[in-house]
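# A look at the structure
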Amino acid sequence: MTKIGIDAISYYVPSIYVAISDLAECRQIEYAKLHKGLGLHRMAIPDADEDAASFAANALLKLIEENNLDPRTLGRIYLGTESSLDGAKPTSTYAVEAVEAALTTKYGERCLKNCDVLDMTFACIGAVDAMHNSLDWIKAGKGRKAIVIASDLAKYELGSTGEYTQGAGAVSLLLCENPSIVSISDTWGVASQSVGDFFKPRRKFDKLETFKNTAALLGTKLTSDEAQNLMEKDTSSFWSDGQADFEIFKEEPVFDGPYSNECYQDRISEALEHFKNQKPLNVLKDWHHLLFHLPYAYQGRRMIVANWVSWLKDNQSIQDLYDDIGQPASEQDSEWLRNVSKTTKYQEFITQKIERGERASSDIGNMYTASIFMALLSLLNSAYEDDSNISGNKIGFFSYGSGSKSKVFEGTIERNWKIKIKDSNLFEYLNKRKAISIEAYEQLHNGSQKSAIVKKDVVKLLSIENTSNLKGYRFYSL
């Protein structure tokens with residue numbers, strides 16, 4: 001059977017970041033809690049001229065140029081994102097438009113005109129969905145090539161419990177037959193349930209009451225009739241468009257962190273069970289590496305503890321753990337599980353199977369859809385730097401998207417992976433980024449910083465149109 005999987009992988013991470021130590025000091029949070037407890041070091045911050053489309057465009061362009069791909073041979077470009085820029089126009093179309101313009105001299109105008117372009121959205125699992133779908137599409141034909149891009153910015157309210165987990169960037173994957181990096185198994189474990197652990201609603205506000213409240217802030221008290229008459233005379237069309245409500249979409253989500261962790265644990269356990277129902281699996285023996293969607297660097301190691309205990313039982317090797325810390329009082333003994341996570345045996349498991357996939361997350365933060373693929377890049381770059389022989393090793397992928405869904409799947413590292421990773425230089429790039437102050441970060445966060453902090457030779461947002469027929473259309477260029 002022909003192997004199908006990831007033949008090349010590229011990335012784009014913003015060139016500015018905030019040091020978690022600076023944020024901790026400003027927010028009066030113990031730094032050790034964030035650094036040692038959650039594995040946080042730095043978080044990537046989008047500049048004023050960057051968004052999910054520019055991230056995607058840069059990751060796509062880099063993938064094409066680094067691998068000398070003829071874009072006219074690509075059958076599809078699917079983008080997984082939860083940072084969409086429009087309710088109708090796919091964010092991927094903006095990215096493709098910018099990349100086509102950059103490639104015009106070499107390949108002619110509209111070199112991707114016959115490529116199927118699409119966005120997929122399911123919180124942080126959207127790009128995994130895009131890859132799953134694209135692998136099936138490649139399998140259904142012959143010689144097909146697809147690119148999947150994961151691009152997002154994780155943004156939370158200033159001072160919230162999610163603020164220190166923010167991050168941004170994109171990862172692009174070339175999928176085809178006989179891949180050089182990772183071949184993906186046909187077996188997929190899936191679990192889903194509709195929950196409200198994290199979502200980004202359209203927030204509705206009563207227009208009349210908002211107008212009256214605004215007037216009151218200016219020292220003027222209006223009756224409803226007076227406010228209505230003034231609104232109808234407005235020439236800007238904002239107050240006078242006839243709608244009783246107006247909607248605001250914010251990148252900052254409504255979320256419940258502890259509940260989301262619980263949903264994450266439940267879905268991956270269900271998806272793993274579904275995987276095992278289709279294919280015999282001994283996680284500890286069969287999978288050399290475990291990669292996770294990482295809202296923060298240590299998320300995987302912190303939430304997989306109970307599963308690890310069950311895997312020890314499957315391998316009749318639980319007694320050593322009992323001899324070390326005793327047996328739990330019940331199956332729900334959370335204190336015992338905390339003690340398990342501190343044991344030498346569990347720390348060895350983390351070092352062997354998880355830690356190398358966490359390293360990039362510590363320096364970037366949450367990338368939403370791109371997080372699990374950055375974990376793969378982190379593993380590969382770490383192994384390359386360590387000169388580790390991981391060819392033939394199997395990877396267990398644990399993906400999750402709030403709302404909620406998990407997919408568990410398996411990949412095998414192919415023998416040519418080093419050739420494709422040797423010029424990746426992920427950690428070298430991350431160490432060359434520019435640190436910004438908390439003041440500059442907050443100005444970028446609230447939108448008061450209008451100009452870019454760093455000049456860069458990459459695809460960036462040039463302008464957003466304000467004329468009636470193109471109002472809101474975005475323009476990008478190198």
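Data block above holds the structure.
So, a few notes on the structure that sits alongside this text. (Residues numbered from 1 in each chain as written. Predicted model: local features only at pLDDT ≥ 70, side-chain atom pairs only at ≥ 80, totals over all residues. Heavy atoms only, no water.)

Moving on, we get to the packing of aromatic side chains. Between two aromatic rings, the relevant description is the distance of the centres plus the angle of the planes. Counted under the stated rule, the structure contains 23 aromatic pairs. When the centroid spacing of 5.1 Å and the interplanar angle of 85° are considered together, the rings of Tyr156 and Phe255 count as edge-to-face. Separated by 99 residues along the polypeptide, Tyr156 in the loop between strand S6 (146-154) and strand S7 (167-177) and Phe255 in strand S12 (residues 254-255) bring together distant segments of the chain. The exposure class assigned to Tyr156 is buried, which follows from its relative accessible area of 6%. (Phe/Tyr/Trp six-rings, centres within 6.5 Å; stacked < 30°, edge-to-face > 60°. Helix = DSSP H or I, 4+ residues; strand = E, 2+ residues; numbered from the N terminus. Buried < 20%, exposed > 50% of the residue type's maximum accessible area, 1.4 Å probe, protein only.)

Now for the nonpolar core. Across soluble globular proteins, nonpolar side chains show a tendency to be buried alongside one another. Grouped together as the largest cluster of nonpolar side chains are 49 residues, with contacts concentrated most on Ile9, Met131, Val171, Phe373, Met374 and Leu376. Among the elements that make up this core, the one with the highest residue count is helix H16 (residues 371-386) (nine residues). Residues Cys263, Trp287, Tyr322 and Ile350 belong to the second largest nonpolar core, which totals 34 residues. (Core = buried A, V, L, I, M, F, W, Y, C linked by side-chain atoms within 4.5 Å.)

A few words on the side chain of Ser371. Among the structural elements, Ser371 can be located in helix H16. Looking at Ser371, the relative accessible area reads 5%, which means it is buried.

If you trace the backbone, Ser224 turns up in helix H7 (residues 224-233). With relative accessibility at 32%, the residue Ser224 sits in the partly exposed group. In this structure the C-alpha to C-alpha distance between Ser224 and Ser160, which are 64 residues apart in sequence, comes to 35 Å. Not counting residues within four places of it along the chain, the set of residues in contact with Ser224 comprises Leu208 and Lys212. (Contact = heavy atoms within 4.5 Å.)

Close contact between helix H11 (residues 305-314) and helix H13 (residues 334-341) brings their axes to 10 Å; oriented N to C, the two are set at 80°. It follows from the interaxial angle that H11 and H13 lie roughly perpendicular. Of H13, the residues touching H11 (which contributes Val305, Ala306, Trp308 and Val309) are Trp336, Leu337, Val340 and Ser341. Its residues placed into classes, the contact of H11 with H13 shows seven nonpolar, one polar and no charged. (Axes fitted to C-alpha atoms, helices over the stretch in contact; angles between N-to-C directions. Parallel < 35°, antiparallel > 145°, perpendicular 65-115°, else oblique. Nonpolar A, V, L, I, M, F, W, Y, C, P; charged D, E, K, R; others polar.)

At their nearest, the axes of helix H6 (residues 207-217) and H7 sit 10 Å apart, and the two run at 100° to each other. Put simply, H6 runs roughly perpendicular to H7. On H7, the residues touching Lys207, Leu208, Phe211 and Lys212 of H6 are Ser224, Ala227, Gln228, Leu230 and Met231. The residue inventory of the contact of H6 with H7, partitioned by class, reads five nonpolar, two polar and two charged.

Let us now look at helix H5 (residues 126-139). Here H5 spans 20 Å end to end across 14 residues, near enough to the 20 Å set by a 1.5 Å rise per residue. With ten of 14 residues buried, H5 lies mostly within the body of the structure. Within the sequence span of H5, burial applies to Gly126, Ala127, Val128, Asp129, Ala130, Met131, His132, Ser134, Leu135 and Ile138. (Expected span 1.5 Å × (residues − 1).)

A separate point is unusual backbone geometry. Here the bond from Gly403 into Ser404 is cis, since omega is 5°, no more than 30 degrees from zero. Positive phi is not limited to glycine here, since Gln28 has a value of about 55°. With a phi angle near 80°, Ser237 is a residue other than glycine that sits in the positive phi range. Classification of Ser237 by relative accessible area gives partly exposed; the value is 46%.

A separate point is the sheet that holds strand S1 (residues 4-12). What the nine strands build is an open sheet, ordered S5-S4-S6-S7-S1-S8-S15-S14-S13; its pairing is mixed. Each edge of the sheet is formed by a strand with only one pairing partner; in this case those strands are strand S5 (116-120) and strand S13 (289-292). Taking the axes of each pair of neighbouring strands and ignoring which way they run, one obtains an average angle of 25° across the sheet. With four bridges connecting them, S13 and strand S14 (residues 394-401) associate as parallel partners. (Pairing = 2+ DSSP bridges.)

The next point concerns the pattern of salt bridges. Per the stated rule, a full pass over the model turns up 27 salt bridges. For Glu410, the salt bridge identified is with Lys279, shortest N-O distance 2.6 Å. In this pair, Glu410 is assigned in strand S15 (residues 405-413) and Lys279 in the loop between helix H8 (257-278) and helix H9 (283-286), connecting sequence segments 131 residues apart. Its relative accessible area of 27% is what places Lys279 among the partly exposed residues. A salt bridge links Asp386 to Arg356; the nearest nitrogen and oxygen atoms lie 3.9 Å apart. With Asp386 in helix H16 and Arg356 in the loop between helix H14 (344-353) and helix H15 (359-364), the pair connects residues that are 30 residues apart, well separated along the chain. Its relative accessible area of 42% is what places Asp386 among the partly exposed residues. In this structure Arg356 comes out as buried when scored by relative accessible area, which is 15%. Through salt bridges with shared partners, one network takes in Arg27, Glu163 and Glu442. (Salt bridge = Lys/Arg side-chain N within 4 Å of Asp/Glu carboxyl O.)

This part is about a nonpolar patch on the surface. A contiguous nonpolar patch, built from Leu462, Leu470 and Phe475 and spanning about 270 Å² of accessible area, is present on the exposed surface. Checked against the element boundaries, Leu462 lands in strand S17 (residues 460-464). (Patch = residues over 30% accessible without salt bridge, like charges linked within 9 Å, V, L, I, M, F, W, Y side chains within 5 Å. Areas by Shrake-Rupley, 256 points an atom, 1.4 Å probe, with all protein chains shown as cover.)

Looking now at the pairing of S1. Burial analysis of S1 places nine of its nine residues in the buried class, which makes it a mostly covered element. Taken together, the eight bridges between S1 and S7 define a ladder with antiparallel strand orientation. Paired with Ile6 across the two strands is Leu175, which belongs to S7. Bridge count between S1 and strand S8 (residues 182-192): two bridges; the pairing is antiparallel. By the bridge assignment, Gly5 is partnered in S8 with Ser183.

Among the secondary structure elements, Ile149 is positioned in strand S6. Residue Ile149 is classed as buried on the basis of its relative accessible area of 2%.

With that settled, consider the pairing of S6. The buried fraction of S6 amounts to nine of the nine residues, a majority that puts the element mostly inside the structure. Burial along S6 is two-sided: Ala146, Val148, Ala150, Asp152 and Ala154 and Ile147, Ile149, Ser151 and Leu153, pointing in opposite directions, are all buried. Two elements, strand S4 (residues 76-80) and S6, share five bridges in a ladder whose sense is parallel. Bridged to Gly80 within S6 is Ala150.

Geometry only, nothing functional implied.
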